[in-house]
Amino acid sequence: MVGGLIASFGLFISCYAPNIYYLYFSYGILVGVGTGIAYIPSINVVAHFFDKRRSIALGIACSGVGAGTFVYPPVTHELIEHFHWRGAMIIFSGITLNILVFAMFIRPVPSSGSTPSVPFKHLIRSFGFQVCCLPSWRLRW
């Protein structure tokens, strides 16, 4: 819910941007952090609630990003045509507030007992962790 609030707030204050540097902060940082905070827990909850068909459930959940990438450009074009870019930001802010509505439907993940903790130094040395982080490390070098 916090991520939805941050992202919606970032979109809303973007409509008051006097220059591009303001948009770097309001749209780039606030919206990016807010959507990141909202996305990861929602995918994590789907992964914990589905045991039998987890891959299909995660595929459907993750396909929302691709669907949004496909749908948002024409919607953005129409909104800018009718309401200018500032009005479009306010409308997208309202659409983003729907994250709060859907976040209310998320139930806590049932605990299956105690989960063993892994020390951080063992985690970063594991092959699986290094393979998952390889693309981001490549971008830094």
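In case you missed it, the structure is sitting above this.
Residues numbered from 1 in each chain as written. Predicted model: local features only at pLDDT ≥ 70, side-chain atom pairs only at ≥ 80, totals over all residues. Heavy atoms only, no water.

## Comments concerning the packing of helix H1 (residues 2-14) against helix H3 (residues 54-96)
Taken N-terminus to C-terminus, the directions of H1 and H3 make an angle of 170°; their axes are 7 Å apart at the nearest point. It follows that H1 is roughly antiparallel to H3 by the angle criterion. Handedness of the crossing formed by H1 with H3: left-handed. Listed contacts from H3 to Gly-4, Ala-7, Ser-8, Leu-11, Phe-12 and Ser-14 of H1 are Trp-85, Met-89, Ile-90, Phe-92, Ser-93 and Thr-96. Class assignment for the residues of the contact of H1 with H3 results in seven nonpolar, five polar and no charged. (Axes fitted to C-alpha atoms, helices over the stretch in contact; angles between N-to-C directions. Helix = DSSP H or I, 4+ residues; strand = E, 2+ residues; numbered from the N terminus. Parallel < 35°, antiparallel > 145°, perpendicular 65-115°, else oblique. Left-handed = near helix turned anticlockwise from the far one by under 90°. Contact = heavy atoms within 4.5 Å. Nonpolar A, V, L, I, M, F, W, Y, C, P; charged D, E, K, R; others polar.)

## As for the packing of helix H2 (residues 20-49) against H3
Between H2 and H3, the least distance of the axes is 11 Å, while the angle of their chain directions is 155°. Here H3 runs roughly antiparallel to H2, going by the angle between their axes. H2 and H3 meet at a crossing whose hand is right-handed. Of the residues in H3, those in contact with Tyr-27, Tyr-39, Ile-43, Val-46 and Ala-47 of H2 are Arg-54, Ala-57, Leu-58, Ala-61, Cys-62, Val-65 and Met-89. Of the residues that constitute the contact of H2 with H3, the class distribution is 11 nonpolar, no polar and one charged.

## Concerning a nonpolar patch on the surface
On the surface, Met-1, Val-101, Phe-102, Met-104 and Phe-105 cluster together into a nonpolar patch covering about 610 Å² of accessible area. Position of Phe-102 relative to the elements: it lies in helix H4 (residues 98-103). Using a relative accessible area of 58% as the deciding quantity, one classes Phe-102 as exposed. (Patch = residues over 30% accessible without salt bridge, like charges linked within 9 Å, V, L, I, M, F, W, Y side chains within 5 Å. Areas by Shrake-Rupley, 256 points an atom, 1.4 Å probe, with all protein chains shown as cover. Salt bridge = Lys/Arg side-chain N within 4 Å of Asp/Glu carboxyl O. Buried < 20%, exposed > 50% of the residue type's maximum accessible area, 1.4 Å probe, protein only.)

## A short note on the environment of Ala-17
In this structure, Ala-17 sits in the loop between H1 and H2. The class for Ala-17 is buried, based on a relative accessible area of 6%. Separated by 69 residues in sequence, Ala-17 and Arg-86 have C-alpha atoms that sit 8.8 Å apart. When neighbours within four sequence positions are excluded, Ala-17 is seen to be in contact with Tyr-22, Leu-23, Trp-85 and Arg-86.

## Brief notes about the packing of aromatic side chains
Inspection of the entire model under this criterion finds three aromatic pairs. Judged by centre distance (5.8 Å) and plane angle (75°), the ring pair of Phe-12 and Tyr-16 falls under edge-to-face. According to the relative accessible area criterion, Phe-12 is partly exposed, its value standing at 34%. Between Tyr-72 and Phe-92, the ring centres sit 4.9 Å apart and the planes meet at 20°, which makes this aromatic pair stacked. Given a relative accessible area of 36%, Tyr-72 falls into the partly exposed group. (Phe/Tyr/Trp six-rings, centres within 6.5 Å; stacked < 30°, edge-to-face > 60°.)

## What about the nonpolar core?
Core analysis: the largest hydrophobic core is formed by seven residues, namely Leu-11, Cys-15, Val-31, Leu-79, Ala-88, Met-89 and Phe-92. Top element by residues in this core is H3. It accounts for four residues. In this structure Met-89 touches Leu-11, Ser-14, Cys-15 and Tyr-27, once residues within four positions along its chain are discounted. (Core = buried A, V, L, I, M, F, W, Y, C linked by side-chain atoms within 4.5 Å.)

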